[in-house]
Amino acid sequence: MRFASLGSGSAGNCLVVEKANTRLLLDCGFSPNEVVKRLQKLDLTPEQMTGILVTHEHDDHAKGAFKFAAKYNLPVWLSHGSLKMCQRYIPESALIQINIIDSHTQFSIENIQINPYPVPHDAREPTQFTFSDGNHKLGVLTDAGSSTAHIEQILTGCDGLVLECNHDLNMLENGPYAWPLKKRVGSRLGHLDNQSAAALLAKLDNSKLKHIIAAHLSAKNNRSDLAKNALSQVLNCAQDWVGIAQQDDGFAWRSFN
Ligand SMILES: [Zn+2]
Ligand SMILES: [Zn+2]
């Protein structure tokens, strides 16, 4: 199993998880043309994709998902609440195979087992995921305002972890956002800041961890070095061992083998 990102942040998110010929997109906040362009950098074509999972209805995750699915005839998986809130993104007269998931029930798509889990975020039924090929577990958590015991239970023992480090608390407080937006981002239904991400990481069994990537960084309220510093302190590793999912070009393939 390997994974890569096409981009991460409030201007669009999209992650690829691959096991043999099964290739899943997690979220699609970019236009179909942009996704094709970004897939090319990973030597992938849209025809090679198996399906799309959508975590929640916010633009940066869902905006392009249904257009891409309609154009390339791909099935979509998402929670009932997310589907309800995503109606505006579904192209008229499009015939998309939509699969409703329960956020506590595991399922498989071909070679990949998927474990959904609910998170606190200001969306209708936001769901995050772990992926497994039977040998390795990849955990993904973005768009969560706070951690929960359930999140910790799900994310413990991962071989790879993509973890939101949205903002630095000081930068958010002193930054350019208007007060209501500062309050929303920093709330328990908003986004994880560097220190909260680090505190969550510290509670996990990281003995198998081969990849840690900070994701969904705010362009205005965070810096890569701050996120790297927060996570590397927990893992007692070099700062450069912590990867960053960039807005413009995500990150290149990461493999477990
Ligand atoms: Zn987001
Ligand atoms: Zn969101």
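Residues numbered from 1 in each chain as written. Chains lettered and ligands numbered in written order. Predicted model: local features only at pLDDT ≥ 70, side-chain atom pairs only at ≥ 80, totals over all residues. Heavy atoms only, no water.

Caption draft 1: A look at the sheet that holds strand β14 (residues 251–255). Judged by pairing direction, the sheet is mixed, and its 7 strands sit side by side in the order β6-β5-β4-β3-β2-β1-β14 without closing on themselves. Two strands bound the open sheet, and with one partner strand each, they are β6 (98–101) and β14. Across the sheet, the axes of successive neighbouring strands diverge by a mean angle of 20°, strand direction being ignored. With 3 bridges connecting them, strand β3 (residues 22–26) and strand β4 (residues 51–53) associate as parallel partners. What sits directly across from Leu25, in β4, is Ile52. Of the strands in this sheet, β1 (2–7), β2 (14–19) and β3 touch helix α1 (residues 32–40), which is tilted by about 135° from β1. (Pairing = 2+ DSSP bridges. Helix = DSSP H or I, 4+ residues; strand = E, 2+ residues; numbered from the N terminus. Axes fitted to C-alpha atoms, helices over the stretch in contact; angles between N-to-C directions. Contact = heavy atoms within 4.5 Å.)

Caption draft 2: View of helix α3 (residues 65–72). Listing the buried residues of α3 in full gives Ala65, Phe66, Phe68 and Ala69. All buried residues of α3 project into a common sector of 160° when viewed along the axis, lining one side. Buried residues belonging to α3 abut β3, α1, β4, α2 (59–62), β5 (76–79) and β6. Looking one or two places after α3, you find Asn73, whose phi comes out positive at around 55°. (Buried < 20%, exposed > 50% of the residue type's maximum accessible area, 1.4 Å probe, protein only. Arc of directions from axis to C-beta.)

Caption draft 3: Here's a closer look at the layout of surface pockets. In this structure, the largest pocket spans a volume of roughly 190 Å³. Lining the largest pocket are Ser10, His58, Asp60, Asp143, Asn166, Tyr177, Leu181, Arg184, Val185, His191, His216 and Ser218. Sort the elements by how many residues they give to the lining of the largest pocket and helix α7 (residues 179–186) lands first, with 3 residues. Grouping the amino acids of the lining of the largest pocket by side-chain chemistry returns 3 nonpolar, 6 polar and 3 charged. (1 Å grid on protein atoms, 1.4 Å probe; cavity = no way out; pocket = protein on both sides within 12 Å on 5 of 7 lines; lining within 4 Å. Points joined across faces, edges and corners; volume = space filled by probe spheres on them. Nonpolar A, V, L, I, M, F, W, Y, C, P; charged D, E, K, R; others polar.)

Caption draft 4: Seen up close, the side chain of Ser132. Its location among the elements puts Ser132 in strand β9 (residues 127–132). Reaching out from Ser132, the side chain makes a polar contact with the backbone nitrogen of Gly134 at a distance of 2.9 Å. Apart from residues lying up to four places away in sequence, Ser132 is in contact with Met1, Asn111, Ile112 and Gln113. (Polar contact = N/O pair within 3.5 Å; in protein donor to acceptor, adjacent residues only side chain to side chain.)

Caption draft 5: Broad picture of the coordination of the zinc ion (ligand 2). Distances from the zinc ion (ligand 2) to its protein donors, His56 (NE2), His58 (ND1), His121 (NE2) and Asp143 (OD), fall at 2.2 to 2.4 Å. Classification of the site at the zinc ion (ligand 2) as irregular follows from its 4 donor atoms and the range of 92 to 169° in their angles at the metal. Mapping the donors of the zinc ion (ligand 2) onto the primary sequence yields the spacing H-x1-H-x62-H-x21-D. The two metals, the zinc ion (ligand 2) and the zinc ion (ligand 1), are separated by 3.6 Å and share Asp143 as a common coordinating residue. Taken together, the residues span a long stretch of sequence, with His58 in the loop between β4 and α2 and Asp143 in the loop between β10 (137–141) and α5 (149–155) at a distance of 85 residues. Asp143 carries the same exposure label as His58, and that label is buried. (Donors = N, O, S within 2.8 Å, 3.2 Å for Na, K, Ca; no water. Tetrahedral: all angles 85-135°; square planar, octahedral: opposite > 155°, others 65-115°.)

Caption draft 6: Structural view of the coordination of the zinc ion (ligand 1). At 2.1 to 2.3 Å from the zinc ion (ligand 1) lie its protein donor atoms, namely Asp60 (OD), His61 (NE2), Asp143 (OD) and His216 (NE2). The site at the zinc ion (ligand 1) holds 4 donor atoms, and with the angles between them running 92 to 162°, its shape is irregular. Between the donor residues of the zinc ion (ligand 1), the gaps in sequence give the motif D-H-x81-D-x72-H.

Caption draft 7: Structural view of empty space enclosed by the protein. The final tally for this structure, using the stated rule, is 1 cavity of 30 Å³ or more. Considered as a void within the structure, the largest cavity measures approximately 120 Å³ in volume. Lining the largest cavity are 17 residues, and of these Ser8, Asn13, Leu15, Val140 and Thr142 sit closest to its centre. Of all the secondary-structure elements, those providing two or more residues to the lining of the largest cavity are β1 and β2. When the residues that make up the lining of the largest cavity are grouped by side-chain class, the tally is 8 nonpolar, 8 polar and 1 charged.

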